[in-house]
Amino acid sequence: MGLLLKHGNVITQNDNRDIINGDILIEEGNIINIASEIEPKGHDVYNFENLVIAPGFVQSHIHLCQTLFRNIADNLPLMEWLNNYILPLEAAHTKKSLQSAVQLGLAELLLGGTTCILDMGHSRYQEIIFQEMVYSGIRGASGMVMMDIGKSGSENKTDRVLVQTEELIGNWHKKENHRISYALAPRFIPSCSSKLLKGVKSLAEKYDLIIHSHASENQQEVALVKSQTGVSPVHYFVNTGLSEFTLSLAHCVWLTREEIDLLSKYNINVLHCPSANLKLGSGIAPIPEYLSKNINVSLGSDGAACNNNLDMFQEMRLSALIQKPFRGPDSLPAQKVFDMATLGGARSLNLSHQIGSLEVGKKADLVVFNFNKVHSIPADDIYSQIVYSGKSENIRHVMIDGIWQVYNQKLQKYEENEVIKKSWYYIYKMLDNLKISLT
Ligand code: GUN
Ligand code: FE
């Protein structure tokens, strides 16, 4: 028996960007039909009159493991923030505290309408992240964060990291009816030896995997990469051959002209994280320029430790607003931003054939908006209503793979109060162990 969603205002995100008033028929997690009127034949029928249905948001750069570190290490630049706080905190996770961080992150993401994520995982307990992604019902890819040099690693770690990664690929890639997949996650060039990156390349080739990393987030990082490798980050990724695969790079704020051409030449995906880029004082990525060169751009809130939330509405709004003072008020219109939040994300995860739009044959990953709210009306343009005045409280229901994971603003798999209680318990425990105080 399928589900029939009736009388919604459907933002399809198909090639014509059709918005239709009508019905969606869903069977076994797939969209079977979209039409102005579909007769129910024993289906579960939902009346979504006066509500808007759209593809779920795809957040293409997330660190679930950092969710417990929200509001802890603020007002710091990237490298200091990372080396003095985030890497030690990530390393201090127990399985239980990691599970708590992941549950908190997933709860926030789902309630805010995110149906798919690309997560940069954890260095020791990656299986906890996959287990929780499976349980929560979210779609997405994650992978053990790979590091073998710097504070968090040592040269002799390389083989161990590669062996563990291959084991995890075997256990988790294309699981749960392909709802869960593996994404190789070399953290960023300063924490990866060339031997490790060669190993990443072989694994990408062997298992046909996407590669998820950070690049050119701030100027100090670019200078560090240049001093270590002789070239800037995107050049280095291309030199290592990783751009022969689906390569999805977070930030890409400080690229040279040549590097921008490399993004275009090798179809490298830019994972734009406007809140994190502003909060760490990293800079503003020239997104309109990337889009004008047909470079795929998607959005992500990065981690709660540098954002400090995981809310796609904030990323969408900010990504539009930060361009306007320098490039003009029409430099990044709401509709293009909504494309980045849906179709762009699908491309960054190599999932365009399954998600990003509501079309027959695609997965039933969708959100139902209620815009009958004081902060949402009036509205002439639906994209403006989402991007400029939208908030998470507009999300009424969230469906992934044909299953309601949020219904009437309530999580279906988690008890919200339990998640909150556990989060407080584990962050205090971690900070106490590390002798850091919560100010
Ligand atoms: N670069 C390398 N690791 C990280 C991280 O965890 N967060 C951000 N924002 N940048 C990084
Ligand atoms: Fe990040």
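Residues numbered from 1 in each chain as written. Chains lettered and ligands numbered in written order. Predicted model: local features only at pLDDT ≥ 70, side-chain atom pairs only at ≥ 80, totals over all residues. Heavy atoms only, no water.

Colleague: So what exactly am I meant to see when it comes to the state of the cysteines here?
Modeller: Two cysteines form a disulfide when their sulfur atoms are joined by a covalent bond. In the structure shown here, the tally under the stated rule is zero disulfides. Here cysteine 116 stays free of any disulfide, with the sulfur of cysteine 273 as its closest cysteine sulfur at 15 Å. The thiol of cysteine 252 is not disulfide-bonded; the next cysteine sulfur, from cysteine 273, is found 9.6 Å away. On the basis of relative accessible area, cysteine 252 is assigned to the buried category, the value being 0%. (Disulfide = S-S within 2.5 Å. Buried < 20%, exposed > 50% of the residue type's maximum accessible area, 1.4 Å probe, protein only.)

Colleague: Which parts of the structure should I look at to understand the nonpolar core?
Modeller: As a rule of thumb, nonpolar side chains are buried together in soluble globular proteins. Counting 117 residues, the largest nonpolar core has Phe57, Trp81, Leu184, Tyr290, Met316, Phe369 and Ile386 as the members making the most contacts within it. With eight residues, helix α2 (residues 95-111) is the largest single contributor of residues to this core. Counting 17 residues, the second-largest nonpolar core is a separate cluster that includes Leu3, Leu5, Ile24 and Leu366. (Core = buried A, V, L, I, M, F, W, Y, C linked by side-chain atoms within 4.5 Å. Helix = DSSP H or I, 4+ residues; strand = E, 2+ residues; numbered from the N terminus.)

Colleague: Even after reading the chapter, I still don't get the coordination of the iron ion (ligand 2), so can you show me in this structure?
Modeller: Each donor-metal-donor angle would ideally measure 109.5 degrees in four-coordinate tetrahedral geometry, or 90 or 180 degrees in six-coordinate octahedral geometry. At 2.0 to 2.3 Å from the iron ion (ligand 2) lie its protein donor atoms, namely His61 (NE2), His63 (NE2), His214 (NE2) and Asp302 (OD). What the four donor atoms of the iron ion (ligand 2) show is an angle range of 89 to 177° at the metal, which sorts the shape as irregular. Each donor residue of the iron ion (ligand 2) belongs to the same chain, with the gaps between them written as H-x1-H-x150-H-x87-D. Of this pair, histidine 63 sits in the loop between β6 (57-62) and α1 (78-91) while histidine 214 sits in strand β11 (residues 210-215); the two residues are 151 residues apart in sequence, bridging distant segments of the chain. (Donors = N, O, S within 2.8 Å, 3.2 Å for Na, K, Ca; no water. Tetrahedral: all angles 85-135°; square planar, octahedral: opposite > 155°, others 65-115°.)

Just geometry here; none of it tells us what the structure is for.
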